[in-house]
Amino acid sequence: MKRFANLKRLGFFTRLLDEAPPAERYRFAAEQIVRAEKAGLDSAWIAQHHFHEREGGLPSPFAFLGYVAAQTSRIRLGTGIVTLPLESAVRVAEDAAVLDLLCNGRFELGVGTGGNPSAFAAFGLDSAQRNEIFARNLDVVRTALAGKPLDGGDTLYPLRPELDKRIWQATFSVAGGARAGKAGDGLLLSRTQPRAKEAPRATLAEIQNPIIDAYLDALPPGREPRIMASRSVFVADDRTEAMRFADIGLRRALPQFLKGGHARPGETLEEMITAFDTHVGAADDVIASLRTDATLERVTDLVFQAHSVDAPHPYILRSIELVAEKVAPALGWTPTAPDVALAV
């Protein structure tokens, strides 16, 4: 029976995509994170997206996590990710420092180059320069968090230099893995990735293991790896029920999936589940499915999200419970005691 020996932490992730008006989306997501804390999960992560509500429903991650911080006490709260090229680097450092103070050191700062090209245009930026802007902004964030003088001589207030040790970088590429490792940051791996034309049926492990290799090779000696894999996971009490929601959700998500550069899957539900890299069913089904993902043998953190099944809110709450009670323990995760904060 395969257990993932390196798996230390379990998290919940949401892009705030519930089929509801914005205020309800935010309330639902907060309730899901509160439920994750009650279930013993170690972390909860949210994504930032500008403008495109079908891709993600939250442009202001720090404001939202401040709201969630007031409703939780133990679970770590992370951005997965802040689209750093579209932000003021100094404001990111300021917001991160204030949020970390308010939640008693529970904040994890995940950053990436992300963002739709049209979003870059709205901000007066060229998406072709996203990597250069990202690198420049990340340097400013580090300088600010460390308390070093910024242009003009000012320094960050409040100071939170320890946040520099809680930065995570998201990437799809081997070069990005090396960049994160060289900086000593955590590595964020996506729940799915487009396949190259020459390898349309490549597994996530075949795509992501080389990224992990580059990350580990570049990591400074003595620095503990932090490798997080996000995965699409939806668990229901009944397999038939889970598959019914998967059929609805994956077909609804297909246009956006194709727009993201993925090849068109077959018409059957099983083909769509494979194409979307989704783990769905009753608990035993999902345990067996996750055990086939060789990437998970190397990660320190597994973060699960209900996208793109996106079942109704009550079923997502139940899925969180089932992952914590049945799925993750079978893979080697041990719940954190409710009164013990996780130090990363």
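Since we're looking at a predicted model, the values are computed, not measured. (Residues numbered from 1 in each chain as written. Predicted model: local features only at pLDDT ≥ 70, side-chain atom pairs only at ≥ 80, totals over all residues. Heavy atoms only, no water.)

**Quick word on the packing of helix α1 (residues 22-38) against helix α11 (residues 313-331)**
Contact geometry of α1 with α11 gives a least axis separation of 9 Å together with a crossing angle of 20°. Taken as axis vectors, α1 and α11 run roughly parallel relative to one another. Two packed elements cross with a definite hand, and for α1 against α11 that hand is right-handed. From α1, Phe28, Glu31, Gln32, Arg35 and Ala36 reach across to α11, where they touch His313, Ile316, Leu317, Ile320 and Glu321. Each residue belonging to the contact of α1 with α11 can be placed in one class, and the counts come to 5 nonpolar, 2 polar and 3 charged. (Axes fitted to C-alpha atoms, helices over the stretch in contact; angles between N-to-C directions. Helix = DSSP H or I, 4+ residues; strand = E, 2+ residues; numbered from the N terminus. Parallel < 35°, antiparallel > 145°, perpendicular 65-115°, else oblique. Left-handed = near helix turned anticlockwise from the far one by under 90°. Contact = heavy atoms within 4.5 Å. Nonpolar A, V, L, I, M, F, W, Y, C, P; charged D, E, K, R; others polar.)

**Some details on the side chain of Ser230**
Checked against the element boundaries, Ser230 lands in strand β8 (residues 227-235). Excluding residues that lie within four positions of it along the chain, Ser230 makes contacts with Leu189, Ser190, Arg191, Val303 and Gln305.

**What to know about helix α5 (residues 130-145)**
The end-to-end C-alpha distance of α5, which contains 16 residues, comes to 22 Å, matching closely the 22 Å that a straight helix rising 1.5 Å per residue would cover. Arg130, Ile133, Phe134, Asn137, Leu138, Val141, Arg142, Ala144 and Leu145 are the residues of α5 that are buried. Considered in projection along α5, the buried side chains sweep an arc of 165° and stay on one side of the axis. (Expected span 1.5 Å × (residues − 1). Buried < 20%, exposed > 50% of the residue type's maximum accessible area, 1.4 Å probe, protein only. Arc of directions from axis to C-beta.)

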